[in-house]
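# Observations on the model geometry
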Amino acid sequence: MLKRLRENKSAQGTLLVSPTLAWMIVLLIIPLILTLIISFGTRDADGGVIYGFSFHNYIRLFGISSDCPDGQTTCFDPLYVNILGRSLSLAFWTTLIVISLAYPLAYFVARAHPKRRSTFLMLVLVPLWTNFVIRVYAWMMLLREQGVINGIIGWVAARFGLPFEPLQMLYTPGAVLVGMVYEFLPFMILPIFTSLEKIDNPLYEAAADLGANPFRTFLRVTLPLSMPGVVAGTILVFIPVMGTFIVSDILGGRQVILVGNLIQNQFLSARDPTFGSAASLILMIMTLIVTYFYTRKFGFGEEIVAV
Amino acid sequence: MTQTSEFAVELRDVVKTFQTPEGTTLNAVDHVDMKIKNGEFFSMLGSSGCGKTTSLRMMAGFEWPSEGEVYIEGKAMGHTPPFQRPVNTVFQSYALFQHMTIYQNIAFGLEMEKAPANEIKTRVGHILEMVQLNGMERRYPKQLSGGQQQRVALARALVKMPNVLLLDEPLGALDLKLRKEMQIELKAIQQKVGITFVYVTHDQQEALTMSDRIAVMSKGKVMQMGAPVEVYERPNSRFVADFIGESNFMGGTVREVEGEYALVYVPALNAEVKGLNTGGVSTGQTVIVSIRPEKIRLSEEPALKMNCFRGQVTNTTYIGSDTHVYVELGGQRLKVWEQNKISSLDPKAYYTIGQNLCLNLFPENTLVLAES
């Protein structure tokens, strides 16, 4: 039996894959199918599901409403489309800001003395030792009207005798953006660091030797060679930001509702699992489409050169 | 006015000090003076840590001297960064850009010069032909063999037609046969393009084969500088005689200096040995007599009037082209390399262990060196 297994490569493969495969089937594939089935159903009065085959949840999601003024039968209600658009744009800006903050830092760490490198990396990871929700609440303490930031500005203003109105920072899209950037920064730093660290020093020297100044060395050598890290980091940041609801819930309140909040509401407060399921699937499809076009352009974060 | 110098590269009293992990300082390069002529194939030869690579890196601009100055084409380099120096480097690790094709790798340096596109195309094509890589333009470095990658590294530096090409053990990663082929090819390319090559190697054979001149280095200092035949035939110190090729050494005291020869009393032989006074020694000085194993002649009866010593064969080793014969005389063991000019299935038949033979040390091949 064991001997046969030793000789049979494909049996080995099956054996190695099967635990994860079973896990994924039970906890991902089956729930996804259930979600799909539920999304075609209709909500009953108690928040249960009447199974059927109707696209009304999707139609509603894309803004075709039957609840119209002026006696029209259908009209456009941008509520949910706006939520989807806001989620997409927030995920886009978060990823962009995270890249521009993470790259210089990762570069600095990768070029630091090997002895200090591990210390810097640990410092990058320190925030992750604290619970995600607690870290978001910490931002609330900083940003709210009587918070630390307003306190400091107010104190400085008082010293110079200037008039001061506390800034409304909490419950704005800006607050959500700051929170997202903060939460997901480490997930961009690590992959970029990994790919920058792999670039051997002689490559920088070779570029300089061939006449490239530091700026052109960066554009032609450093950046292309570190793209796998940027791509991997983007995937690690963009996808969770698209779906998260905690940051927007705590820092955005009712002002900044994202797809994540919409889905959460449908299941927990509005008690419409059919609409929540439809929103979940649309979120997934949107994320897949963006990721597909992105990875088609930049690769999947693997080595650029195939051997 | 820029003054053209007859020297492509010049190091004037250059020192490079590094901090050791223990916190002390170390002169990796220790007051080195070097003048490398235009069009010369110049090698820096030494074992690891002798300062040869650090010297090269200071020419390239990757390191700056702690003291002294590097001149390229007569111009003091100071802290000029690598991308502004008229030199190019072939790296030991090749340092090819893995994300670029062979063509892009080679064109990189010309693009940095902002050469026109059609000129880049011509020059890259020309250089690819020279290093025999035509047809490989669109491949990536990882798709090439080690020898081919080495050629790309050479082509990438050479295509810029620098005044000086710096090569840091470029053949170190190749197997012996390929290395020998590349040695000949590199030398041919150097002669064809007429660029000054500064070549770092720890392989004495390589240095002897390719160089116009060699600087033998040790512990950050230049021990001897000269043509291959000079450093091999007229080493100026025991270190050089030992490092390049092999030598027999015998300690002694100078009895007399006559013309360019010196008469040395060697206690081990209890006799006087006559040799070339290459070390510039004087009477009474403690010296070392050095003779290469292939220069000793073995015979049954003395072939010379003097410098003939009898000894017993203790061991023989057949190595194909030569037979190595070890002869003991007066507690001193000398190695003698006899070329196997006559084909025989049993070369040991000529020399049997315990055989009493005469070693003839020709005075013109026997060197008297000052003890260092």
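Quick caveat, the model's predicted, so the values are computed rather than measured.

### Notes on the overall build of chain A
- When you go through chain A residue by residue, the secondary structure sums to 13 helices and four strands.
- The C-alpha radius of gyration computed for chain A amounts to 25 Å, which surpasses the reference 19 Å derived for 307 residues by more than 25%, pointing to a less compact arrangement than a globule.
- Overall, the C-alpha framework of chain A stretches about 85 × 75 × 35 Å when taken along its three principal axes.
- Counting contacts in chain A only where the partners sit at least 6 residues apart, residues at least 24 apart contribute 67% of the total.

### Considerations on the overall build of chain B
- Scanning chain B from terminus to terminus reveals eight helices and 20 strands.
- With the principal axes as the frame, chain B shows a C-alpha extent of 75 × 50 × 45 Å.
- The 372 residues of chain B split such that 41% are buried.

### So, helix α4 (residues 146-158) of chain B
Residue and element names in this part refer to chain B.
- Compared with the 18 Å implied by 1.5 Å per residue over 13 residues, the 18 Å span of α4 between its first and last C-alpha is a close match.
- By the criterion of burial, α4 is predominantly enclosed, with ten of the 13 residues buried.
- When we look at burial in α4, the residues that qualify are Q149, Q150, R151, V152, A153, L154, A155, R156, A157 and L158.
- Where α4 is buried, its residues contact β6 (87-90), α2 (102-112), α3 (117-130), β7 (164-168) and α5 (176-193).

### Observations regarding the nonpolar core
- By size, the foremost hydrophobic cluster in this structure holds 105 residues, and its most contacted members are M59(B), A155(B), V164(B), L165(B), L166(B), V198(B) and V216(B).
- Ranked by size, the runner-up nonpolar core spans 47 residues in total, among them Y103(A), M180(A), L185(A) and I192(A).

### Some words on unusual backbone geometry
Residue and element names in this part refer to chain B.
- Backbone geometry places K114, a non-glycine residue, at a positive phi of 60°.
- Here K114 is to be found in the loop between α2 and α3.
- The exposure class assigned to K114 is exposed, which follows from the 8 C-beta atoms found within 10 Å.
- Of note, N307 is a non-glycine position whose phi angle comes to about 60°, a positive value.
- Relative to the helices and strands, N307 is located in the loop between β15 (296-299) and β16 (308-318).

### Overview of the interface of chain A and chain B
- Contact with chain A, which involves 18 residues of that partner, is made by 21 residues of chain B.
- Grouping the constituent residues of the side of chain A that touches chain B by class yields twelve nonpolar, two polar and four charged.

### Let's talk about the packing of helix α9 (residues 201-209) of chain A against helix α10 (residues 214-243) of chain A
All names here are of chain A.
- Running from N to C, α9 and α10 point in directions that differ by 135°, and their axes come no closer than 10 Å. By the angle class used here, α9 and α10 are oblique. Both α9 and α10 take part in a crossing whose hand is right-handed. Taken together, the residues of α10 that come into contact with α9 (itself represented by L203, Y204, A207 and A208) are T217, R220 and V221.

### Let's talk about the sheet that holds strand β18 (residues 332-339) of chain B
Residues and elements named next belong to chain B.
- In space, the five strands of this open sheet follow the order β15-β19-β16-β17-β18, with antiparallel pairing throughout. Each edge of the open sheet carries a strand with a single partner, namely β15 and β18. When the angles between neighbouring strand axes are averaged without regard to direction, this sheet yields 45°.

### Notes on helix α2 (residues 9-39) of chain A
Residue and element names in this part refer to chain A.
- Taking 1.5 Å of rise per residue, 31 residues should cover 45 Å, and α2 covers 42 Å from first to last C-alpha, within 8% of that figure.
- Its axis deflected by about 45° at S18, α2 carries its strongest bend there, up to four residues before the proline P19.
- With respect to burial, α2 is a largely exposed element, only two of its 31 residues being buried.

### Brief notes about the sheet that holds strand β4 (residues 67-72) of chain B
Residue and element names in this part refer to chain B.
- Across the sheet, which stays open at both edges, the four strands sit in the order β2-β1-β4-β5 with antiparallel pairing between neighbours. Strands with a single pairing partner mark the edges of an open sheet, and in this sheet they are β2 (25-37) and β5 (75-76).
- As defined by bridge partners, β4 adjoins β5 across two bridges and the pair is classed as antiparallel. The residue of β5 that forms the bridge with Y71 is A76.
- In this fold helix α1 (residues 52-60) packs onto β1 (7-19), β2 and β4, with an angle of close to 115° to the strand it touches most, β1.

### Brief notes about the packing of helix α8 (residues 173-197) of chain A against α10(A)
All names here are of chain A.
- The contact between α8 and α10 brings their axes to 7 Å, and the two run at 155°. Here α8 lies roughly antiparallel to α10, going by the angle between them. Here α8 runs over α10; the crossing is right-handed. Every residue of α10 that contacts α8 at M180, F184, F187, M188, P191, I192, T194, S195 and L196 is listed here: L225, S226, P228, G229, V230, A232, G233, L236, V237, P240 and V241.
- For the contact of α8 with α10, a count of residues per class yields 15 nonpolar, five polar and no charged.

### Things to note about the pairing of strand β12 (residues 261-266) of chain B
Residue and element names in this part refer to chain B.
- Taken together, the five bridges between strand β11 (residues 248-258) and β12 define a ladder with antiparallel strand orientation. Counted as the bridge partner of T253 is Y265 from β12.
- Taking the residues between adjacent antiparallel strands as the criterion, β11 and β12 are bridged by two residues, where G259 takes a positive phi near 60°.
- Note: β12 against strand β13 (residues 271-276), six bridges, orientation antiparallel. Among the inter-strand pairings, L263 is bridged to a residue of β13, identified as K274.
- In this structure, the hairpin formed by β12 and β13 is closed by a connection of four residues, where N270 is found at a positive phi of approximately 50°.

What counts, and at which threshold
Residues numbered from 1 in each chain as written. Chains lettered and ligands numbered in written order. Predicted model: local features only at pLDDT ≥ 70, side-chain atom pairs only at ≥ 80, totals over all residues. Helix = DSSP H or I, 4+ residues; strand = E, 2+ residues; numbered from the N terminus. Rg over C-alpha atoms; globule rule 2.2 N^0.38 Å. Contact = placed C-beta atoms within 7 Å. Buried ≥ 20, exposed ≤ 12 C-beta atoms within 10 Å, placed from the backbone. Expected span 1.5 Å × (residues − 1). Core = buried A, V, L, I, M, F, W, Y, C linked by C-beta atoms within 7 Å. Nonpolar A, V, L, I, M, F, W, Y, C, P; charged D, E, K, R; others polar. Axes fitted to C-alpha atoms, helices over the stretch in contact; angles between N-to-C directions. Parallel < 35°, antiparallel > 145°, perpendicular 65-115°, else oblique. Left-handed = near helix turned anticlockwise from the far one by under 90°. Pairing = 2+ DSSP bridges. Bend = angle between axes of the 7 residues up to and from the residue.

Note that all results are geometric; they support no functional claim without further evidence.
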